[in-house]
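Fold and geometry: a report
Here is how the chains run, residue by residue.
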Amino acid sequence: MQTIVIGHKNPDMDSICSAVAYAHLKRVTGTPNVIAARAGNTNERVDFVLNKFGVEPPVFISDLSARVCDVMERNVVYVHADSTVYDALHLIEQRRLRGLPVIDGEMRFLGLLSAFKISHHLFPPREEADAARVITAPLSSIVATFGGTVVTGELENETAEHLLMIGAMSADTFAERLRHHRAARLVLFVGDRDDIQMLAIAAKVRAIVVTGHLSVSPAVREAAAAGGVTIITSPCDTATTVDLARGAVRVGRMLEPEYLSFTPDTLLDHVREKAAHSAAFVFPIVDEEGVLVGILAKSNLLKTPERQLILVDHNELSQAVKGADKVRIVEILDHHRIGGFASDSPILFWNNPVGSTSTIVALCYQQAGVPVPRAMAGLLMAGLISDTLNLASPTATPADRLVLEQLAQITGVDPAQLAEEIFSVGSPLLTLSPEQVITADCKEYDEDGTRFTVSQIEELSFSHFVEKQDALLEALEGHGRSARLFFAALLVTDINTQTSLLLCCGAPEFLHRIDFPARGPNIWELTGVVSRKKQLLPYLLQCIAGLPPA
């Protein structure tokens, strides 16, 4: 079972840092196979913090929807194209399979060998019986199937077409029959019939197989050696020997002409739809270079991926990574409002009204009695500082202040200095495109069917805002239109003056209800407002509630 600790889409510093630190705590307290993940890209500030404390970025996961790689069989039973039907049939029987994938020497998938195809070859319809006597295979492979012993001559390893003939008739009938076939490709199966054997040698057949473990007379040996005819003895009777010899055909010549394959990243929903209309017994899984990496049976489609989720810094599925609604959620750590989340069974849900999820994770370390490693303490400091604007936000609590002091002691880093370093790195207005500014830290909400998003960036000043405002409004309007939102908002916060500018595009009846001082079309000044969660969101919800019924 894999446990994925992951924050919201468009993750911010707190989301990334709390996921990494909590995944570490889960591992050291005994939960196996835990990974930290992110549902979006990092930014320059997050990268700076990760590099500063020597921590690798969490794994990027954009979609948790079940894929082929989650349920496919990785230990594939296969055969090479130059394997014999005899060997393939025994493998199918031993493993109780309906068929086998066939590969070349570089593990590239070539096609499927079905038990039906083999049975058709071994037991053809009456009208195809004559053709069943023609075997295209090396003579050495034919002899190997029945465990034959060479008496005279040599066995060739080159693939050739051989016609199997049984000498179960009078000498005269056999002589007449020989006249209708090219002797050089004949492999004769016969008992201790010297007369038949000598006729075959005179005709220079390709080989004579003396069945039933019977001996070969000296005269026949001498004639065969002189005539260049190979003689083999078989430990089996004639009927059994011929049946086994027909298994010498290479499986590469018996591939199913049509098959349905998928890649490891193919969505299971897509596979189920295709498989429902397919009569195939298995589906090969190949990579982009055609290499066989797995096999998928229809029974595998009944499996559920063995993974579970721990959500940090959010509890609303509208903000979660795609596919989260189809994965079992076992824990939630958050400091935002509870957004109507429901689960089928009891889970650990810690919703604490502190300034950051990083604070909650630090408290989890305390509760577990586990010392916080310096690198994890550094990340938690950064997440706490970023989300509370170094405790200047109204969301900051005494618990945040105490936790920050404890983390600073562990790292030996001054919080004020770390805050200055973080906020001086990469101004979003200068380093991101207008579209990226909107999506970098964007949260989606659904209030009784009213969908909207609120994005936020922090700047050291508004000095670059004027030159960017038109492009930002255009990007914000496009974002709201493409996502079919009631409105889309962007909060640009000056962390030094503790003032924000609100940009909002959407339904006119909603925009008319915003009563902060206007700084231009669709722009308002929010003095003292720095928190999306505690100050802006409640205000926006109040504006929505005041709208007349639709």
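In short, a report on the structure. Numbering of residues starts from 1 in every chain and runs along the sequence as written. Since the coordinates come from a predicted model, pLDDT governs what is reported: local features require at least 70, and pairs of side-chain atoms require 80 or more to be given and counted, while whole-chain, interface and lining totals use all residues. Excluding hydrogens and water, the side-chain values take into account all heavy atoms of the structure.

Turning our eyes to something else, we now look at the sheet that holds strand β8 (residues 149-152). With respect to topology, 6 strands assemble into an open sheet ordered β7-β9-β10-β11-β12-β8, the strand pairing being mixed. In the strand order of this sheet, the two ends are held by β7 (134-137) and β8, each with one partner. On average, each strand axis in the sheet is tilted by 30° relative to the strand beside it, whichever way the strands run. The criterion for strand pairing is that DSSP finds at least two bridges linking the strands in question. Each helix is a run of H or I in the DSSP string that is no shorter than four residues. Each strand is a run of E no shorter than two, and both are numbered from the N terminus. Across 3 bridges, the pairing between β8 and strand β12 (residues 230-233) is antiparallel. Note on β12: the bridge partner recorded for T149 is T233. Between N-to-C directions, angles span 0 to 180 degrees; the directions come from axes that are lines fitted to C-alpha atoms, helices contributing only their stretch in contact.

Let us now look at the packing of aromatic side chains. A pair of aromatic rings is counted whenever rings of Phe, Tyr or Trp (Trp by its six-membered ring) have centres within 6.5 Å, and the orientation is called stacked for planes under 30 degrees apart, edge-to-face for over 60 and tilted otherwise. Within the structure shown, the criterion is met by 9 aromatic pairs. On the numbers, 6.0 Å between centres and 65° between planes, the contact of F486 with F510 is edge-to-face. With F486 in the loop between α18 (465-482) and β20 (487-494) and F510 in helix α19 (residues 508-511), the pair connects residues that are 24 residues apart, well separated along the chain. Its relative accessible area of 23% is what places F486 among the partly exposed residues. By the ring-pair criterion, three or more aromatic residues cluster together here, those being Y445, F452, F486, F487 and F510. One Lys or Arg, K52, reaches over the ring of F53 and ends 6.0 Å from the middle of that ring. A simple rule labels every residue: compare its accessible area, found with a 1.4 Å probe on the protein chains alone, to the largest value its type can have, and call it buried under 20%, exposed over 50%, or partly exposed in between. To sit over a ring, a charge needs its Lys NZ or Arg CZ within 6 Å of the ring centre and within 35 degrees of the ring normal.

Bringing helix α13 (residues 374-388) into the picture now. Over its 15 residues, α13 extends 21 Å from the first C-alpha to the last, a length consistent with the 21 Å expected when each residue adds 1.5 Å. Here α13 lies mainly inside the structure; 12 of its 15 residues are buried. If you check which residues of α13 are buried, you get M376, A377, G378, L379, L380, M381, A382, G383, L384, I385, S386 and T388. Contact between two residues is taken to exist if any of their heavy atoms lie within 4.5 Å; hydrogens are not considered. Residues of α13 that are buried in the fold lie against α1 (13-28), α2 (44-52), α12 (357-368), α14 (398-411) and α15 (415-423). Helices are assigned an expected span. That span is 1.5 Å times one less than the residue count.

This next bit is on the environment of N41. As for its placement among the helices and strands, N41 is situated in the loop between β2 (34-38) and α2. Through-space distance from the C-alpha of N41 to that of A440 is 8.0 Å; in sequence the pair is 399 residues apart.

Take the packing of helix α7 (residues 171-178) against helix α8 (residues 194-202) next. α8 packs onto α7 with a crossing angle of 20° between their chain directions and a minimal axis gap of 10 Å. One way to sum up the angle between α7 and α8 is to call them roughly parallel. Where α7 crosses over α8, the handedness of that crossing is right-handed. Across the interface between the two elements, A171, F174, A175 and L178 from α7 touch D195, I196, L199 and A200 from α8. Grouping the constituent residues of the contact of α7 with α8 by class yields 7 nonpolar, no polar and 1 charged. For classification purposes, an angle smaller than 35 degrees is called roughly parallel, one larger than 145 roughly antiparallel, one from 65 to 115 roughly perpendicular, and anything else oblique. Take the far helix as the reference: if the near one is turned anticlockwise from it by less than a right angle, the crossing is left-handed, and if turned clockwise, right-handed. Here the nonpolar group is Ala, Val, Leu, Ile, Met, Phe, Trp, Tyr, Cys and Pro; Asp, Glu, Lys and Arg are the charged ones; every other residue, Gly included, is treated as polar.

What helix α11 (residues 268-276) keeps buried is the set L268, V271 and A275. With its buried residues spanning 55° around the axis, α11 presents them on a single face. In α11, the exposed residues that point more than 90 degrees away from the buried face are E273 and A276. Looking at the buried residues of α11, the elements they touch are α3 (68-71), β13 (282-286) and β14 (292-297). It is the directions from the helix axis to the C-beta atoms that the arc portrays.

Burial analysis of strand β15 (residues 307-312) places 6 of its 6 residues in the buried class, which makes it a mostly covered element. In the sheet, β15 pairs with strand β16 (residues 328-334) via 5 bridges, with the strands oriented parallel. By the bridge assignment, V312 is partnered in β16 with L333.

Our next topic: unusual backbone geometry. Notably, R96 is not glycine yet its phi reads approximately 55°, a positive angle. Summarising the element assignment, R96 is placed in the loop between α4 (85-95) and β5 (99-103). Despite not being glycine, D448 shows a phi value in the positive range, around 55°. Position of D448 relative to the elements: it lies in the loop between β18 (442-447) and β19 (450-459).

Of all the 6 residues making up β14, 5 are buried; the element is thus mostly covered by neighbouring parts of the structure. Connecting the antiparallel pair β13 and β14 is a turn made up of 5 residues, with G290 showing a positive phi of about 85°.

Among the secondary structure elements, T84 is positioned in the loop between β4 (79-80) and α4. You can call T84 buried: its relative accessible area is 9%. Sequence-distant contacts of T84, that is, excluding residues within four places in its chain, are made with S141, G247, A248, V249, R250 and V251.

To continue, consider the pattern of salt bridges. A pairing counts as a salt bridge when a side-chain nitrogen of Lys or Arg comes within 4 Å of a carboxyl oxygen of Asp or Glu. A complete count under the given rule lists 19 salt bridges for this structure. With its nearest N and O atoms 3.3 Å apart, the salt bridge here joins K52 to E421. Of this pair, K52 sits in helix α2 while E421 is found in helix α15, placing the two residues 369 residues apart along the sequence. When its relative accessible area of 35% is taken as the criterion, K52 is described as partly exposed. With relative accessibility at 21%, the residue E421 sits in the partly exposed group. Note that R206 is salt-bridged to E156, the shortest N-O span being 3.6 Å. Of the two residues, R206 is situated in the loop between α8 and β11 (207-210) and E156 in the loop between β8 and β9 (160-166); the sequence distance between them amounts to 50 residues. Each of D63, R67 and K322 takes part in one network of salt bridges that share partners.

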